[in-house]
Amino acid sequence: AQSVTQLDSHVSVSEGTPVLLRCNYSSSYSPSLFWYVQHPNKGLQLLLKYTSAATLVKGINGFEAEFKKSETSFHLTKPSAHMSDAAEYFCVVSDYNNDMRFGAGTRLTVKP
Amino acid sequence: EAQVTQNPRYLITVTGKKLTVTCSQNMNHEYMSWYRQDPGLGLRQIYYSMNVEVTDKGDVPEGYKVSRKEKRNFPLILESPSPNQTSLYFCASSTSGASSYNEQFFGPGTRLTVL
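Owing to the predicted nature of the structure, the values given are computational and were not obtained by experimental measurement.

Trainee: When you look at the environment of tyrosine 89 of chain B in this model, what are you seeing that I'm missing?
Mentor: Residues and elements named next belong to chain B. By secondary structure assignment, the location of tyrosine 89 is in strand β9 (residues 87–94). Remark: the alpha-carbon pair of tyrosine 89 and glutamine 45, spanning 44 residues in sequence, is separated by 9.8 Å. With residues near it in sequence (within four places) discarded, tyrosine 89 still touches Gln6, Trp34, Tyr35, Arg36, Ile46, Tyr64, Leu76, Leu78, Gly109, Thr110 and Leu112.

Listed below in structure tokens is the structure:
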């Protein structure tokens, strides 16, 4: 069975500093991995996805993530945080038939 | 505009009073799904549907029913709601389910409170 662990429930950074949100996965198959963002009182929006092509995936709003099979990780990064990045972020693994498993989420706070 | 819509967005009800949350998508997607979101637990899948007249249980199906009579609609039914079903509910859709690559498109959510 596949699963996802987001290693931090809350991350706080200052505006202009780098963001790192950590995600480890477990899957019996070659997984697809996603990062979704949820702004307050909003639905979920896809940030980026990995589907066995390039291991470094670029997404919207300057975010990127690197798939590391040896470490079973898919960490999300951004070089410089913006106030508008404050939101909850979900790492998701999917192996087949759209069986998507969500992590518990990481709440990102951005301080001025 | 391509979208997933849910109604109502907010609902307060009482224990035992049957309710339905509607979900509709205009993208001609085969796959649709319902999730509930609870603090510290992320999203958990309730039911999903690979196509019309095909539904299956997710991780937390107890107390819920669904139907898929038309491709675009996937209502979630709570026959006898209980307080532990107080949650934020999301409907999602995607193209054919026989692939791990397809992103899911999410509705705006329905916040349900059961007193």
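Trainee: I tried to follow the packing of aromatic side chains on my own but got confused; where do I start?
Mentor: Here the distance between the centres and the angle between the planes together describe a pair of aromatic rings. Residue and element names in this part refer to chain B. Applying the stated criterion across every chain yields a total of 14 aromatic pairs over all chains. Centroid distance tyrosine 35 to phenylalanine 106: 5.8 Å. Interplanar angle 40°. Geometry classified as tilted. On the criterion of sequence distance, the pair formed by tyrosine 35 in strand β4 (residues 31–38) and phenylalanine 106 in strand β10 (residues 105–106) is long-range, its members being 71 residues apart. Judged by its relative accessible area of 0%, tyrosine 35 falls in the buried class. For phenylalanine 106, a relative accessible area of 11% corresponds to the buried category. Between the aromatic rings of tyrosine 64 and tyrosine 89, the centroid separation amounts to 5.9 Å while the plane-to-plane angle is 65°, which identifies the pairing as edge-to-face. Residue tyrosine 64 is found in the loop between β6 (54–57) and β7 (65–66), and its partner tyrosine 89 is found in strand β9; the two are separated by 25 residues along the sequence. Residue tyrosine 64 shares its accessibility class with tyrosine 89, and that shared class is buried.

Trainee: Explain the state of the cysteines to me, please; I cannot follow it from the model alone.
Mentor: A full pass over the atoms with the stated rule returns two disulfides over all chains. A sulfur-sulfur distance of 2.0 Å marks the disulfide that ties cysteine 23 of chain A to cysteine 91 of chain A. Looking down the S-S bond of the cysteine 23 of chain A and cysteine 91 of chain A bridge, the torsion is -65°, so its handedness is left-handed. Of this pair, cysteine 23 of chain A sits in strand β4 (residues 23–26) while cysteine 91 of chain A sits in strand β10 (residues 87–94); the two residues are 68 residues apart in sequence, bridging distant segments of the chain. Both residues of the pair, cysteine 23 of chain A and cysteine 91 of chain A, count as buried. The disulfide bridge from cysteine 23 of chain B ends at cysteine 91 of chain B, spanning 1.8 Å between sulfur atoms. Between cysteine 23 of chain B and cysteine 91 of chain B, the disulfide has an S-S torsion of -75° and is therefore left-handed. With a gap of 68 residues between them, cysteine 23 of chain B in strand β3 (residues 19–25) and cysteine 91 of chain B in strand β9 connect regions that are remote in the sequence. Just as cysteine 23 of chain B is buried, cysteine 91 of chain B falls in that class too.

Calculation criteria
- Residues numbered from 1 in each chain as written.
- Chains lettered and ligands numbered in written order.
- Predicted model: local features only at pLDDT ≥ 70, side-chain atom pairs only at ≥ 80, totals over all residues.
- Heavy atoms only, no water.
- Helix = DSSP H or I, 4+ residues; strand = E, 2+ residues; numbered from the N terminus.
- Contact = heavy atoms within 4.5 Å.
- Phe/Tyr/Trp six-rings, centres within 6.5 Å; stacked < 30°, edge-to-face > 60°.
- Buried < 20%, exposed > 50% of the residue type's maximum accessible area, 1.4 Å probe, protein only.
- Disulfide = S-S within 2.5 Å.

Don't take any of this as a statement about function, it's just geometry.
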